[in-house]
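A structural walkthrough
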Amino acid sequence: MSFERIVILTGAGVSAESGIDTFRDSGGIWSKVDYRDVATPEGFARNPAKVHDFYNQRRRGLLRVQPNAAHRALARLEAVFGGSFLLVTQNIDDLHESAGSRKLAHMHGEINTALCEACGARSRWSGDMTINSQCPHCSTVGRMRVDVVWFGEMPYHMDRIEAALARCDLFVSIGTSGNVYPAAGFVEQANAAGAHTVELNLEPSEGHSSFSDAIYGRATEIVPEFVRRLLAAEVDAAFERIVPLP
Ligand code: APR
């Protein structure tokens, strides 16, 4: 089996071993804070300072973490693979970029980008954001928000993502629980395109039964080995269980 058009989807599990909390594992982000307060337009309208503080803490945390072997393996796959390649991430961190990935679509936005609600301009934003932050483009004060997609908002780059899914012959989902749409539905779109679909995760996701293959384990172990085998054209072996199930 050889592939010519690969789409990869990543979720919080690919960054977990870099020290970034996931959302729904035990002790995850949504067990500590109510997503309705910090990840919805309504929550931002109710208490913008609380939302700014939530993302300021996570942005500061990014300064202390590095990409892990899974991020680096995906960057290597992109660099070496000769066919078409798209890495779609639900993550708002910058670890894929730091590892070298470039053919990348942040469907839930990026924590290091700001959006001005007054003029619509986007700016790189590395420091804290407050209710008194000023837009670098239109100078308006108090209309800045983090440029991430909140619940109820339309994810970014969907035309590009859906075009890639409609053509792909391999779809690989890594480190996501399959709880949130539209990302959770990508495997069905890949199946409809006739693609081979494989899930790499710590444990079976909500949508595990939709995948042709699955490899379970820690991303820093299973992703580099999967990429090595894929690039070595040992594709049949690539789908064998790399680490025995627990
Ligand atoms: N290696 C591989 N997988 C892991 C690891 C690891 N070291 N650690 C955790 N996982 C897996 C978990 O088993 C889980 O299935 O990663 C998945 C993380 O799931 P979630 O916490 O639900 O994160 P994610 O799927 O990315 O959430 C999707 O929900 O809240 C929104 O916008 C948010 O982008 C996020 C979206």
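Structure shown above.
Small disclaimer: the values here were computed from a predicted structure and weren't measured.

Before going further, it helps to examine the nonpolar core. A general trend in soluble globular proteins is that nonpolar side chains are found buried together. Membership of the largest hydrophobic core comes to 24 residues, with the highest contact counts inside it found for Ile6, Ile8, Val172, Ile174, Leu200 and Val223. Listing elements by their share of this core, those giving two or more residues are β1 (5-10), α5 (69-80), β2 (84-89), β7 (170-174), β8 (196-201) and α9 (219-231). Broken down by element, the residue count for this core peaks at six residues, all from α9. Setting aside chain neighbours within four positions, we find Leu200 in contact with Val172, Ser173, Ile174, Gly175, Ile215, Ile222, Val223 and Phe226. Of all hydrophobic cores here, the second largest spans 18 residues; its members include Val7, Leu9, Ala105 and Cys168.

The subject of this paragraph is the sheet that holds strand β4 (residues 109-116). Sheet architecture is open: three strands sit in the order β5-β4-β6, paired in antiparallel fashion. What marks the edges here is a single partner per strand, and that holds for β5 (122-124) and β6 (144-148). Taken pair by pair, the neighbouring strands of this sheet meet at an average axis angle of 45°, ignoring direction. Bridging between β4 and β5 involves three bridges; their strand directions are antiparallel.

So, about the environment of Asp213. Inspection of the secondary structure assignment puts Asp213 in strand β9 (residues 213-216). Along the primary structure Asp213 and Thr197 are separated by 16 residues, whereas in three dimensions their C-alpha atoms are 6.4 Å apart. Side chain to side chain, Asp213 and His196 meet in a polar contact 2.6 Å long.

Its location among the elements puts Glu225 in helix α9. Here the alpha-carbon distance between Glu225 and Ala70, two residues 155 residues apart in the chain, equals 9.4 Å. Here the side chain of Glu225 touches Arg228 through a polar contact of 2.9 Å, side chain to side chain.

With that settled, consider the packing of α5 against α9. Working note: a packed helix pair is described by the angle between its axes plus the distance between those axes. One can describe the packing of α5 onto α9 by two numbers: an axis separation of 8 Å at closest approach and a directional angle of 15°. As judged from the angle between their axes, α5 and α9 are roughly parallel. You can see that α5 and α9 cross each other, and the crossing is left-handed. Residues Ala69, Ala70, Ala73, Leu74, Arg76, Leu77 and Val80 of α5 lie in contact with α9, whose contacting residues are Ala219, Thr220, Val223, Pro224, Val227, Leu230 and Leu231. Classifying every residue of the contact of α5 with α9 gives 12 nonpolar, one polar and one charged.

About the thresholds
Residues numbered from 1 in each chain as written. Predicted model: local features only at pLDDT ≥ 70, side-chain atom pairs only at ≥ 80, totals over all residues. Heavy atoms only, no water. Core = buried A, V, L, I, M, F, W, Y, C linked by side-chain atoms within 4.5 Å. Buried < 20%, exposed > 50% of the residue type's maximum accessible area, 1.4 Å probe, protein only. Helix = DSSP H or I, 4+ residues; strand = E, 2+ residues; numbered from the N terminus. Contact = heavy atoms within 4.5 Å. Pairing = 2+ DSSP bridges. Axes fitted to C-alpha atoms, helices over the stretch in contact; angles between N-to-C directions. Polar contact = N/O pair within 3.5 Å; in protein donor to acceptor, adjacent residues only side chain to side chain. Parallel < 35°, antiparallel > 145°, perpendicular 65-115°, else oblique. Left-handed = near helix turned anticlockwise from the far one by under 90°. Nonpolar A, V, L, I, M, F, W, Y, C, P; charged D, E, K, R; others polar.

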